[in-house]
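Close look at the chain arrangement
Residues per chain, in single letters:
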Amino acid sequence: MIINRHDYIEAITPFIGQPLVKILSGVRRCGKSTIFEMLKEKLLASGIEKKCIICKRYTDMDIAQNVTAKQMYDELVCESRDNDYSYLILDDIQEISGWEKVVNSLLEKGNFDIYVTGSNSKLMSSEISTYLTGRYVQIPVYTLSFSEYLQFKSKSQLSKRELLNEYIRFGGFPIVALNEYESNAAYQIVNGIYYTVVSRDIVNRHRIHKQELFDRVVKYVVENTGKTFSANSISKFLKSENRQLSNESIYNYLRWLEQAFIIILVGDMIYRVKTF
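Residues numbered from 1 in each chain as written. Predicted model: local features only at pLDDT ≥ 70, side-chain atom pairs only at ≥ 80, totals over all residues. Heavy atoms only, no water.

Quick word on the nonpolar core
- Core analysis: the largest hydrophobic core is formed by 51 residues, its most contacted members being Ile202, Phe214, Ile234 and Leu257.
- Only helix H1 (6–12), helix H2 (32–45), strand S3 (86–91), helix H9 (183–204), helix H10 (211–223), helix H11 (231–240) and helix H12 (247–259) provide two or more residues apiece to this core.
- For this core, the leading source of residues is H9, giving 7 residues.
- If we ignore the near neighbours within four places in the chain, the residues touching Ile202 are Val197, Arg207, Ile208, Phe214, Trp256, Leu257, Ala260 and Ile262.
- Listed in part, the 21 residues of the second largest apolar core include Ala69, Leu76, Ile93 and Val116. (Core = buried A, V, L, I, M, F, W, Y, C linked by side-chain atoms within 4.5 Å. Buried < 20%, exposed > 50% of the residue type's maximum accessible area, 1.4 Å probe, protein only. Helix = DSSP H or I, 4+ residues; strand = E, 2+ residues; numbered from the N terminus. Contact = heavy atoms within 4.5 Å.)

Some details on the side chain of Ser235
- With respect to the helices and strands, the residue Ser235 is situated in helix H11.
- Those residues in contact with Ser235 that sit more than four places away from it in its chain are Asn247 and Ile250.

So, the pattern of salt bridges
- In total, this model carries 13 salt bridges according to the counting rule given.
- Note that Glu148 and Arg5 form a salt bridge whose closest N and O atoms lie 3.0 Å from each other. With Glu148 in helix H6 (residues 146–152) and Arg5 in the segment before H1, this pair connects stretches of sequence that are 143 residues apart.
- Assessed through its relative accessible area of 3%, Arg5 is described here as buried.
- Notably, a salt bridge pairs Glu241 with Arg243, separated by 3.3 Å at the nearest N-O pair.
- The exposure class of Glu241 is partly exposed, given its relative accessible area of 26%.
- Here the salt bridges share partners, and the residues they tie into one network are Glu212, Arg216, Glu241 and Arg243. (Salt bridge = Lys/Arg side-chain N within 4 Å of Asp/Glu carboxyl O.)

Description of the packing of aromatic side chains
- A full pass over the atoms with the stated rule returns 9 aromatic pairs.
- Here the aromatic rings of Tyr85 and Tyr87 are separated by 5.2 Å at their centres, their planes lie at 75 degrees, and the arrangement is edge-to-face.
- Summarising the aromatic geometry, the rings of Tyr149 and Tyr167 are spaced 5.1 Å apart at their centres and angled 55 degrees between planes, so their arrangement reads as tilted. Here Tyr149 is found in helix H6, whereas its partner Tyr167 is found in helix H7 (residues 160–170), with 18 residues between them in sequence. Both residues of the pair, Tyr149 and Tyr167, count as buried.
- By the ring-pair criterion, three or more aromatic residues cluster together here, those being Phe146, Tyr149 and Tyr167.
- Lying over the aromatic face of Tyr115, Lys22 brings its terminal NZ or CZ to 4.7 Å of the ring centre. (Phe/Tyr/Trp six-rings, centres within 6.5 Å; stacked < 30°, edge-to-face > 60°. Lys NZ or Arg CZ within 6 Å of the ring centre and 35° of its normal.)

A word on the environment of Ile168
- The topology assignment puts Ile168 in helix H7.
- Considered as a pair, Ile168 and Phe146 are 22 residues apart in the sequence and their alpha carbons are 9.2 Å apart.

Section: the sheet that holds strand S1 (residues 21–25)
- Strands sit in the order S2-S3-S4-S1-S5 across an open sheet of 5 strands; the sheet is parallel. Each of the sheet's edge strands pairs with one partner strand only, and the pair in question is strand S2 (53–57) and strand S5 (136–140). On average, adjacent strands in this sheet sit at an angle of 15 degrees to one another, irrespective of strand direction.
- Bridge count between S3 and strand S4 (residues 112–118): 5 bridges; the pairing is parallel. Counterpart to Ser86 in the pairing with S4 is Phe112.
- Of the strands in this sheet, S2 and S3 touch helix H3 (residues 69–79), which is tilted by about 150 degrees from S2. (Pairing = 2+ DSSP bridges. Axes fitted to C-alpha atoms, helices over the stretch in contact; angles between N-to-C directions.)

In structure tokens form, the structure reads like this:
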């Protein structure tokens, strides 16, 4: 079941057909792929032929191992060869090394309207600025707001106050909101997403060797949801536990958490937790 998230479609609409790469970025499982399904429906409803809308998903299980950027480029050009103009909807594109060069080359052809999604720091890397300078627009996608959560729960028998308590406990991941899970099952789903983000998008990618210290930093961050904090406040927290970590390492951890869309920089090295 697809429940329309109108705000995101409205955010994309002004850029449809414009010579810009539209990048939807956000934490894993926040609903980016579903928004692309809605975008496809909007394009079809506007009269775009189905054959002109090319959708590709680049998750580990959807692509062959070691697919190169050149192979990606050749495949997209081949599939669009009979179209005067094509709409490319490319999901989880960060899994392809060098994707920035691919979309830039396609954009320069002039007959492609390109939309991409991604869930980690590869979609915030310097390569984007290098290859797509002034030629992309980034649209952040968040987990459900409470008003969206109420829309997802429109058939629930619970009161609005009960739904608010549920929203605070489980967060706004659409996969949880679309079903009636027991508390333990909901927590398992959210924990699974969290550990995927932390382990895959941060620990493994950045080769963090002191994972115990990193976990303590994450613990501090999570326990300060809704509050501002800095490297200094984290350093004091660690010292209170007789642990030590350099400010440089703390800054790196915070930057990587930000790149994984878990926290937001709101000032001069002051962060706020994104409430899921």
